[in-house]
2 protein chains.
Amino acid sequence: MKLSFTEENYLKAIYHLSEGSEDGVSTNAIAEELNTKAASVSDMIRKLSKKKVIDYQKYRGVQITDSGRKIALQVIRKHRLWEVFLVEKLDFNWDEVHDVAEQLEHIKSPVLISRLDEFLGRPSMDPHGDPIPDENGEIKVSPQMPLSDFEEASLGIVVKVPDSDPSLLRHLDKIGMRLGSKIRVIEKVEFDNSALIAIDQGKELYLSGEIAKNIMLAVK
Amino acid sequence: MKLSFTEENYLKAIYHLSEGSEDGVSTNAIAEELNTKAASVSDMIRKLSKKKVIDYQKYRGVQITDSGRKIALQVIRKHRLWEVFLVEKLDFNWDEVHDVAEQLEHIKSPVLISRLDEFLGRPSMDPHGDPIPDENGEIKVSPQMPLSDFEEASLGIVVKVPDSDPSLLRHLDKIGMRLGSKIRVIEKVEFDNSALIAIDQGKELYLSGEIAKNIMLAVK
DNA sequence: AAATTAATTTAGATATATCTAAAAATATAT
DNA sequence: ATATATTTTTAGATATATCTAAATTAATTT
């Protein structure tokens, strides 16, 4: 199945919009996501439906099919692998990679992506902490544990912080730690369970054991 | 100046076709190069002419302008840098890279290519021995001629092979000839223009005149 | 349930790309 | 130099994409 650049983008948008809900995706939602008009979406929907990558009944929204989901996940896989390449190999900042990856994700080559994956050391997540689907479209939810359980010299990405405690969140904000932040645990202090960490390859600082217990990291 | 994928391909074709000759490039030649019809070429020519990347007078062929050449050379630069990446980093064979590079060359990003160039160690030629233009479109050339023009008992180094013909590249791979291979021309057969050569001071073998014409050697 | 509002589709308009066939211009041969 | 052949352009056809505006369907309110 060969899809155009635009068709792939529609499919990706539909995939993202259907995540977390069983309902069909509305025409208007797709139009908004892709900065286009509902009429254009209607046209494209009929086209994608004919290719069996979505299910569609008039006025009822669309559902992505298994084959459509597989394609969308391959595009997402490519996008995220390229992001890893840009950040790890070409020293892009993670806020600079999106637009380029948006182009690179549409390159068609049977071997390119598997070679790139290997070259990058088969990473499990992109620079923002999002998981990278495998060749079959499977997403492994990466194992995660509190920062306090990490060994010295290990890496993790912030995936969860307690949302119930404003004073903690304010502090995290102040030290520049947010969801997706890359954490390197440099040293663990036995005395008080505090830890010396580096955030996003930047400044080093000590974190109390109390805080470290409350920050969930995905193992990298 | 922002050109579409297709416009860039036209410009690249016109650049290649005008190399080595002062005459304008004919509509038919462009059509053949791009596997399209003369009528379509006429349309595109008017479009590119309006953008001042080519000069054009009806029925008189086209000449690439300085600004057009600059754009073409940037596309070529991108193509060749990506080829280096594919071969050096992703272990592609040099006969596998052309189609992928053909896609990658159209990725638009101000920083991507300079970062890639740096990552690859600012290479001066691609895996086929073609020179890589710099950011300003300058090409550094070394004196070279086809193997078929070499005298008996002369030496050369493989610097270029056509990147468009996988069957030739596969054959060269099989006989152990690659970029940088040291070639000694032992004997030239007048009858069919074939040549007896030695590769890297190793085994001797005959090369047809057809192949010899397509292999560029730097004079040693 | 009827009326109103919102969402979606359809119809038709506009723009673009690329083709075939015919016309026009140029090149070549006698 | 004229006739013939070739190349190139133009005109018109077809296909595609995307928009606006109108029509239709569904959802919400009263």
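Residues numbered from 1 in each chain as written. Chains lettered and ligands numbered in written order. Predicted model: local features only at pLDDT ≥ 70, side-chain atom pairs only at ≥ 80, totals over all residues. Heavy atoms only, no water.

### Thoughts on the overall build of chain A
Applicable threshold: Numbering of helices and strands runs from the N terminus; a helix is a DSSP stretch of H or I covering at least four residues, while a strand is a stretch of E covering at least two. The buried label applies to any residue whose accessible area, calculated with a 1.4 Å probe on protein chains only, is under 20% of its type's maximum; exposed applies above 50%, and partly exposed to all values in between. Using a 1.4 Å probe, accessible areas were evaluated by the Shrake-Rupley method; residue-level cover was limited to the displayed protein chains. Note on charges: Lys and Arg go in the positive column, Asp and Glu in the negative column, and His and the chain ends are not counted at all. Think of each charge as sitting on NZ of Lys, CZ of Arg, CG of Asp or CD of Glu.
Helix and strand counts for chain A stand at eight helices and eight strands. Projected onto its principal axes, the C-alpha positions of chain A cover 65 × 40 × 25 Å. Scored against the burial criterion, the 220 residues of chain A give a buried share of 45%. With an accessible surface of roughly 12,200 Å², chain A has 48% of that area assigned to carbon and sulfur atoms. Both charge centroids of chain A, one from 30 positive and one from 37 negative side chains, sit 8 Å from each other.

### Looking at the pairing of strand 4 (residues 155-160) of chain A
Residue and element names in this part refer to chain A. Our working rule: Paired strands, in this sense, are two strands between which DSSP finds at least two bridges.
By the bridge criterion, three bridges tie strand 4 to strand 5 (residues 182-188) in an arrangement that is antiparallel. Pairing of Ile157 across the sheet is with Lys182, part of strand 5. Across four bridges, the pairing between strand 4 and strand 8 (residues 216-219) is antiparallel. Bridged to Ile157 within strand 8 is Ala218.

### Here's the deal with helix 1 (residues 5-18) of chain A
Residue and element names in this part refer to chain A. Condition: One less than the number of residues in a helix, times 1.5 Å, gives the span that helix is expected to have. By definition in these notes, contact holds between two residues if any of their heavy atoms fall within 4.5 Å.
With 14 residues, helix 1 should cover 20 Å at 1.5 Å per step; its first-to-last C-alpha distance of 20 Å lies within 8% of that length. Among the 14 residues that make up helix 1, 10 are buried, leaving the element largely enclosed by the rest of the structure. All of the buried residues along helix 1 are Glu7, Glu8, Asn9, Tyr10, Leu11, Lys12, Ala13, Ile14, Tyr15 and Ser18. On its buried face, helix 1 sits against helix 2 (27-33), helix 3 (38-50), strand 1 (54-56), strand 2 (62-64), helix 4 (66-88) and helix 5 (98-104). Two residues or fewer past helix 1, Gly20 is found with a positive phi of approximately 85 degrees.

### Thoughts on the environment of B:Tyr10
Residue and element names in this part refer to chain B. Relative to the helices and strands, Tyr10 resides in helix 1 (residues 5-18). Each C-alpha atom of the pair Tyr10 and Ala195 lies 37 Å from the other, and the pair is 185 residues apart in sequence. Apart from residues lying up to four places away in sequence, Tyr10 is in contact with Ile30, Leu34, Thr36, Ser40, Val41, Met44 and Leu48.

### Regarding the side chain of A:Thr65
All names here are of chain A. Heads up, the condition is: Two N or O atoms form a polar contact when they lie within 3.5 Å of each other; inside protein one atom must be a possible hydrogen donor and the other a possible acceptor, and for residues adjacent in sequence the pair counts only when both atoms belong to side chains.
Relative to the elements of secondary structure, Thr65 occurs in the loop between strand 2 and helix 4. For Thr65, a relative accessible area of 13% corresponds to the buried category. Here Lys52 takes part through its backbone oxygen, which lies 2.9 Å from a polar atom of the side chain of Thr65. If near-sequence neighbours (up to four positions away) are discounted, Thr65 is found in contact with Lys52, Val53, Ile54 and Asp55.

### Considering the sheet that holds strand 4 of chain A
Residue and element names in this part refer to chain A. Applied cut-off: Interaxial angle, 0 to 180 degrees, is taken between N-to-C directions of lines fitted to C-alpha atoms, where a helix line uses only the stretch in contact.
Judged by pairing direction, the sheet is antiparallel, and its six strands sit side by side in the order 3-8-4-5-6-7 without closing on themselves. The sheet is open, and its two edges are formed by strand 3 (144-146) and strand 7 (204-207), each paired on a single side. The average undirected angle you get between the axes of adjacent strands in this sheet is 45 degrees.

### Re the protein's contact with DNA strand D
For clarity, the threshold we go by: We define proximity as follows: a residue is near a molecule or strand when any one of its heavy atoms falls within 4 Å of that partner. Here the nonpolar group is Ala, Val, Leu, Ile, Met, Phe, Trp, Tyr, Cys and Pro; Asp, Glu, Lys and Arg are the charged ones; every other residue, Gly included, is treated as polar.
Neighbouring residues of DNA strand D: 18 residues in total, closest A:Ser40, A:Lys47, B:Ser42, B:Arg46 and B:Tyr56. Among all atoms of DNA strand D positioned within 4 Å of the protein, those belonging to sugar or phosphate total 78%. A distance of 3.4 Å separates a phosphate oxygen of DNA strand D from a polar atom in the side chain of A:Lys37. Within the side chain of B:Lys58, an N or O atom sits 2.7 Å from a phosphate oxygen of DNA strand D. Listed by contribution, the elements that provide at least two residues to the surface near DNA strand D are helix 3 of chain A together with helix 2 (27-33) and helix 3 (38-50) of chain B. Looking at the surface near DNA strand D, its residues break down into six nonpolar, six polar and six charged.

### Re the packing of aromatic side chains
Given two aromatic rings, one states the distance between the centres and the angle between the planes to describe the pair. For clarity, the cut-off: Each pair of aromatic rings taken from Phe, Tyr and Trp, with Trp reduced to its six-membered ring, is defined by centres within 6.5 Å and is described as stacked if the planes are under 30 degrees apart, edge-to-face if over 60, and tilted in the remaining cases. Distance and angle both matter: a charge sits over a ring if NZ of Lys or CZ of Arg is within 6 Å of the ring centre and within 35 degrees of the ring normal.
By the definition in use, this model includes seven aromatic pairs over all chains. Taken together, a centroid distance of 5.0 Å and an interplanar angle of 55 degrees make the contact between A:Phe85 and B:Phe85 tilted. In this pair, A:Phe85 sits in helix 4 while B:Phe85 sits in helix 4 (residues 66-88), so the two residues belong to two different chains. Accessibility expressed as a relative area gives 0% for A:Phe85, which makes it buried. The ring of A:Phe119 carries the charged tip of A:Lys89 above its face, separated from the ring centre by 4.7 Å.

### Comments concerning helix 7 (residues 166-174) of chain B
Residues and elements named next belong to chain B. Filter applied, for reference: The arc in question is the one traced by the directions running from the helix axis out to the C-beta atoms.
For helix 7, the full list of buried residues reads Leu168, Leu169 and Leu172. End-on view of helix 7: buried residues confined to an arc of 100 degrees, all on one side of the axis. Residues of helix 7 that are buried in the fold lie against helix 8 (209-214). Immediately downstream of helix 7, the backbone of Gly176 shows phi near 80 degrees, a positive value.

### Focus: the protein's contact with DNA strand C
As a matter of local geometry, DNA strand C sits amid 18 residues, with A:Ser42, A:Arg46, A:Lys58, B:Ser40 and B:Lys47 nearest to it. The sugar-phosphate share of atoms of DNA strand C within 4 Å of the protein amounts to 76%. Contacts to DNA strand C include A:Thr27, whose side-chain N or O atom sits 2.9 Å from a phosphate oxygen. The separation between a phosphate oxygen of DNA strand C and a polar side-chain atom of B:Thr36 is 2.7 Å. The set of elements that each furnish at least two residues to the surface near DNA strand C consists of helix 2 and helix 3 of chain A together with helix 3 of chain B. Taken together, the residues of the surface near DNA strand C sort by class into six nonpolar, six polar and six charged.

### Let's talk about the packing of helix 1 of chain B against helix 4 of chain B
Residues and elements named next belong to chain B. For clarity, the threshold we go by: Reported orientations rely on four angle classes, namely roughly parallel under 35 degrees, roughly antiparallel over 145, roughly perpendicular from 65 to 115, and oblique for the rest.
In the contact formed by helix 1 and helix 4, the axes pass within 9 Å of each other and the chain directions differ by 100 degrees. As the angle between them shows, helix 1 and helix 4 are arranged roughly perpendicular. Note on element contacts: helix 4 touches helix 1 through Gly68, Arg69, Ile71, Ala72, Leu73, Val75, Ile76 and Arg80, opposite Glu8, Leu11, Lys12, Tyr15 and His16.

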